[in-house]
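# Architecture at a glance
Chain by chain, the residues:
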Amino acid sequence: WDAYRRFGQMYGDVVLGLKPESDKEHDPFEVVLEAVDRSAVSAADLDAPPPGAFTVVVIPDSPGYEGRATKRTPNSGAPLTNPVFQNHTRWIAENIRHQNIVFVSHVGDIVDINNHDQWRLARECLDRLHGVVPYGLTVGNHDMEPDGDASLFQRYFPAERFRSFPWYGGTFEPARPAQHVSGNNVNSYQLFSAGGLDFIHLNLECNAPDDVLAWAGDLLTRFFNRRSCGPSPSMGPARGIPEITGE
């Protein structure tokens, strides 16, 4: 619920420009979210979309990791869990047909701490969707090292894992030997169609370097006849092409 609350506030503020003008006013999206929370409407109560309509599901950042060595419970000895993330993917898998879900987009921060334990659990959560519905993963700032090294993401979600799917368009391939920054599925795109509409979905890493942005621009030119969509997790100016020494 906290993740949805933050996403709703961000969308209202940044995208729609709806925010309180003073500290005496209520955030308009906060009022709506509180009303929804009080109504206790469950996902099972959602009506099916009307004929011809379809659903694209957006998974917000997944910070709800609990248990041993997590930000939320750093002193716990309990096994690592993320019930919110588990419930997100479980609900999606169970409602693909009822809600006519045609695509799933994770907006980034798949993990809270960039380590093997959390990536293994994230893989377990997303395995419910693998081969069941097209989906794209965005690499947020929590999913990489400060220098852009996304080796752990690439280990659990490499491009090779997706190449056999017809909806997987491809990955950015840096013109440099080292692929752990920006390459091997850190930046990717997917192609899907629904309701008579054709889409290209772009997953661009947080603070994407200039060469990644140029690649994305080329894709939009190439697929000009498709509607484009995708999350934008940038938290600052784009990084320049990183200087990598050694192997």
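Above: the structure in question.
## Brief notes about the overall build of the protein chain
Helix and strand counts for the protein chain come out as six helices and seven strands. What you see in the protein chain, going N to C, is helices and strands ordered as α-α-β-α-β-α-β-α-β-β-β-α-β. For the protein chain, buried positions account for 45% of its 247 residues. Long-range contacts, defined as pairs at least 24 residues apart, comprise 69% of the intrachain contacts of the protein chain with a sequence gap of at least 6.

## So, the pattern of salt bridges
Taken as a whole and judged by the stated rule, the model has eight salt bridges. For the salt bridge of Asp127 with Arg161, the shortest nitrogen-to-oxygen distance reads 2.6 Å. Of this pair, Asp127 sits in the loop between α4 (116–126) and β3 (135–137) while Arg161 sits in the loop between α5 (151–156) and β4 (168–171), placing them 34 residues apart in sequence. On the basis of relative accessibility, which here comes to 37%, the residue Asp127 falls in the partly exposed class. A relative accessible area of 15% places Arg161 in the buried class. Between Arg176 and Asp211 there is a salt bridge, and its shortest N-O distance comes to 2.9 Å.

## Topic: the nonpolar core
Counting 34 residues, the largest nonpolar core has Ile92, Val104, Trp119 and Phe153 as its most contacted members. Those elements giving two or more residues to this core turn out to be β1 (55–59), α3 (83–95), β2 (101–106), α4, β3 and α5. With five residues, the single largest contributor to this core is α4. With residues near it in sequence (within four places) discarded, Phe153 still touches Ile110, Trp119, Leu137, Val139, Asp143, Pro158, Asn185 and Val186. Residues Leu191, Val212, Trp215 and Leu219 belong to the second largest nonpolar core, which totals 12 residues.

## Observations regarding the environment of Phe223
Within the secondary structure, Phe223 is located in the loop between α6 (210–222) and β7 (227–229). For the pair Phe223 and Leu191, spaced 32 residues apart in sequence, the C-alpha separation works out to 9.6 Å. Those residues in contact with Phe223 that lie beyond four places of it in its chain are Tyr189, Leu191 and Ile200.

## Details of unusual backbone geometry
In the Ramachandran plot, Ser182 falls in the positive-phi region, its phi being about 80° despite a non-glycine side chain. Inspection of the secondary structure assignment puts Ser182 in the loop between β4 and β5 (188–194). Given the relative accessible area of 0%, Ser182 is considered buried. Non-glycine residue Asn184 carries a positive phi angle of around 50°.

## Observations concerning the packing of aromatic side chains
Within this structure, the stated rule accounts for 14 aromatic pairs. With centroids separated by 4.6 Å and ring planes inclined at 10°, the aromatic side chains of Phe103 and Phe192 adopt a geometry described as stacked. Here Phe192 lies in strand β5 and Phe103 lies in strand β2, a separation of 89 residues in the sequence. Here Phe103 falls in the buried class, since its relative accessible area comes to 0%. Ring pairs connect the aromatic residues Tyr135, Phe162, Phe165, Trp167 and Tyr168, which therefore count as one cluster.

Here is what the cut-offs are and how they apply
- Residues numbered from 1 in each chain as written.
- Predicted model: local features only at pLDDT ≥ 70, side-chain atom pairs only at ≥ 80, totals over all residues.
- Heavy atoms only, no water.
- Helix = DSSP H or I, 4+ residues; strand = E, 2+ residues; numbered from the N terminus.
- Buried < 20%, exposed > 50% of the residue type's maximum accessible area, 1.4 Å probe, protein only.
- Contact = heavy atoms within 4.5 Å.
- Salt bridge = Lys/Arg side-chain N within 4 Å of Asp/Glu carboxyl O.
- Core = buried A, V, L, I, M, F, W, Y, C linked by side-chain atoms within 4.5 Å.
- Phe/Tyr/Trp six-rings, centres within 6.5 Å; stacked < 30°, edge-to-face > 60°.

So yeah, pure geometry; function would need other evidence.
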